[in-house]
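This is what each chain is made of:
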Amino acid sequence: MFENIQVAPADPILGLNDAYRNDPNPNKINLGVGVYKDELGATPILKSVKQAEERLVETEKTKSYLSIEGTEAYRNAVQELLFGADHDVITKQRAHTAQSPGGTGALRIAAEFIKKHMPGATVWVSNPTWANHQAIFQSVGLEVGSYAYYDAASKSLDFEAMLASLSQVPAGDVVLFHGCCHNPTGIDPTTEQWAQLAKLCSKQGFLPLFDFAYQGFGSGLEEDAAGLRVFLDQVQEMLIANSFSKNFGLYNERVGAITVICETAEHADAAFSQVKRCIRANYSNPPSHGAAVVTEVLTNPQLRSLWEMELQAMRTRIHEMRSLFVSTLRAKGVEQDFSFISQQNGMFSFSGLNPDQVAQLRQEFGIYIVGSGRISVAGMTKDNMEPLCEAIAKVLAN
Ligand code: PMP
């Protein structure tokens, strides 16, 4: 029965990681997958997370199932982080949150919810976007379209084109926005631009779906939530898929959440009952450990301030690497202007390197970059910066 099945193509990002692992070159550099690395090139467990885990080992009493939506303490902590403690959507009980296995799990539940309750909707994603978005929505049978976002010539947001595209999106469709630290470009709208987008959304009547995978990696926890909160001043309904993979370094624990916001508490209850139904038929109920860690850290003042410091340290290191990358390239004689890289947010930059240059960097220098030219800045260290920039300079000189 299975003899005619064709081999699936390798995942463009995770496949690159496998190739890196198998490369015997001792000087290889991995700028592919979006995992934070410290100055030593390691992805350590945060101290706040380790301390929370120690407490959990002491206090946990059962491994019985969680409810479909996860614990109340977790769900409340997520909402406070997304909206701020006294936000209208919380006090009016217009938002309901369910724990999910990572941001991907949250997006998948969002996709199933959309397919079931907005069956004719097309989901619009930015051009470019995270490689998995299209696959997630298409896998439940939704149509996926793309809206203008990035201007390759100026290496910046083409906001006019974005507005023009989105003003063609009909009422009842869904538009996915990256809440902050746009993947792969690292370029986000300004607060004023978010307000314009929200106004357009309200006028057109499409549903905003925020993919919020990097809160705290751009400018700060509050600052990074500005886009989503500005939207909530103007629109009554929204879906949010958030992830704690990056900001807690909890990649392999799979912790995230899906939040549905409606105009009234009554509508929110009804919509959430359907979200829970999607979860029940999918993975039944979420894993406990990662969410328990996040809850412990967010609700314990001492762990919370330790975590915020650790998050700030990750953010600062990435910003430093951006500046050092730009200045080292210049020092290596590269004439092309790469200064745009120090203006971008989060782990990623669209370097402008073309597929041939990316291939040459891999074959000749053991430097792994996604084919689109997306660079994970978090893979740069003070130690690998010199050889990295030297290799790029050589490739650019060809
Ligand atoms: N959305 C975006 C934009 C991402 O970059 C990622 C992770 N690379 C995710 C969602 C998924 O996150 P998770 O690992 O928590 O599933």
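Every chain begins its residue count from 1, and numbering advances along the sequence as written. In keeping with the predicted nature of the model, local features appear solely for residues at pLDDT of at least 70, side-chain atom pairs appear and are counted solely at 80 or more, and the whole-chain, interface and lining totals rest on all residues.

**Some remarks on helix H15 (residues 382-397)**
Under the DSSP-based scheme used, a helix requires at least four consecutive residues in state H or I and a strand at least two consecutive residues in state E, with every element numbered from the N terminus. Between the first and last residue of a helix there are one fewer steps than residues, each counted as 1.5 Å, and that sum is the expected span. The end-to-end C-alpha separation of H15 is 23 Å, in line with the 22 Å expected for 16 residues at 1.5 Å each. For H15, the full list of buried residues reads Leu388, Cys389 and Ile392. With its buried residues spanning 100 degrees around the axis, H15 presents them on a single face. For H15, the exposed residues set more than 90 degrees away from the buried face come down to Asp383, Glu386 and Ala397. Placing C-beta atoms from the backbone, we regard two residues as in contact once those atoms come within 7 Å. Elements in contact with the buried residues of H15: strand E1 (29-30), helix H13 (301-331) and strand E12 (367-368). Exposed residues have 12 or fewer other C-beta atoms within 10 Å of their own C-beta, buried residues have 20 or more, and partly exposed residues fall in between, where C-beta atoms are placed from the backbone. Throughout, the arc means the angular range of directions from the helix axis out to the C-beta atoms.

**Looking at the pairing of strand E10 (residues 256-261)**
Residues in a regular strand point their side chains to alternate faces of the sheet. Within E10, six of the six residues are buried, which leaves the element mostly enclosed by the surrounding structure. In short, DSSP must find at least two bridges between two strands for them to pair. Judged from the six bridges that link them, strand E2 (residues 95-100) and E10 form a sheet pairing that is antiparallel. What sits directly across from alanine 98, in E10, is isoleucine 258. Pairing geometry for strand E9 (residues 238-243) and E10, over six bridges, is antiparallel. For serine 243, the partnering residue across the bridge sits in E10 and is glycine 256.

**Examining the environment of glycine 186**
Relative to the elements of secondary structure, glycine 186 occurs in the loop between strand E7 (174-178) and helix H8 (191-204). For the pair glycine 186 and serine 48, spaced 138 residues apart in sequence, the C-alpha to C-alpha distance is 27 Å. Those residues in contact with glycine 186, other than ones at most four positions away along the chain, are Cys181, Gln344, Asn345, Gly346, Phe348, Ser349 and Phe350.

**Details of the sheet that holds strand E3 (residues 122-127)**
What the seven strands build is an open sheet, ordered E2-E10-E9-E8-E7-E3-E4; its pairing is mixed. Every interior strand has two partners, whereas the edge strands, E2 and strand E4 (143-148), have only one. Put simply, the sheet's adjacent strands are angled 25 degrees from each other on average, direction ignored. Along the sheet, helix H3 (residues 72-83) makes contact with E2, E9 and E10, crossing E2 at roughly 115 degrees. With respect to the sheet, helix H5 (residues 102-117) is in contact with E2, E3, E7, strand E8 (207-212), E9 and E10, its orientation differing from that of E9 by roughly 160 degrees. Angles run from 0 to 180 degrees between N-to-C directions of axes, and those axes are lines fitted to C-alpha atoms, restricted for helices to the stretch in contact.

**As for the site of the ligand**
In the neighbourhood of the ligand, the contacting residues comprise Gly34, Gly102, Gly103, Thr104, Trp130, His178, Asn183, Asp211, Ala213, Ser243, Ser245 and Gly256. For the shell around the ligand, the leading source of residues is H5, giving three residues. For this scheme, ten residues count as nonpolar: Ala, Val, Leu, Ile, Met, Phe, Trp, Tyr, Cys and Pro. Four count as charged, namely Asp, Glu, Lys and Arg, and the remainder, Gly too, count as polar. Per-class residue counts for the shell around the ligand are two nonpolar, nine polar and one charged. Being near a molecule or strand means, for a residue, that its backbone-placed C-beta atom lies within 6 Å of it.

**Things to note about the confidence of the model for the protein chain**
pLDDT gives the predictor's per-residue confidence on a scale running from 0 to 100. The pLDDT averaged across the protein chain works out to 95; a share of 100% of its residues lies at or above 70. The ipTM value of the predicted complex is 0.99, and its pTM value is 0.96.

**Notes on the domain arrangement of the protein chain**
Accessible area lost upon the coming together of the parts serves often as the stated size of an interface. The source of the domain bounds is an automatic or database domain assignment. Entries for the protein chain in the domain assignment read domain 1 (14-45 + 305-397) and domain 2 (65-299). Summarising the inter-unit geometry, the C-alpha centres of domain 1 and domain 2 are found 27 Å apart. At the interface, 19 residues of domain 1 touch 20 residues of domain 2. The set of elements that each furnish at least two residues to the side of domain 1 that touches domain 2 consists of H13 and strand E11 (348-350).

**Details of the environment of alanine 153**
Summarising the element assignment, alanine 153 is placed in the loop between strand E5 (150-151) and strand E6 (156-157). Overall, alanine 153 belongs to the exposed group, with 8 C-beta atoms counted inside 10 Å. Counting along the chain gives 189 residues from alanine 153 to serine 342, while the straight-line C-alpha distance between them is 17 Å.

**Re the pairing of E3**
Of the strand pairs in this sheet, E3 and E4 are connected by six bridges, and their pairing is parallel. Across the sheet, the residue bridging to valine 123 is valine 144, located in E4. Relative to E7, E3 is paired through two bridges, and the arrangement is parallel. Paired with valine 123 across the two strands is valine 174, which belongs to E7.

**With respect to the packing of helix H2 (residues 47-59) against helix H12 (residues 289-299)**
Close contact between H2 and H12 brings their axes to 9 Å; oriented N to C, the two are set at 105 degrees. Between H2 and H12, the crossing angle belongs to the class labelled roughly perpendicular. Taking contact as the criterion, the partners of Ser48, Val49, Ala52, Glu53, Arg55 and Leu56 in H2 are, on H12, Ala292, Val293, Glu296 and Val297. Partitioning the contact of H2 with H12 into residue classes produces six nonpolar, one polar and three charged. Should an angle lie under 35 degrees it is considered roughly parallel, over 145 roughly antiparallel, and from 65 to 115 roughly perpendicular; all remaining angles are considered oblique.

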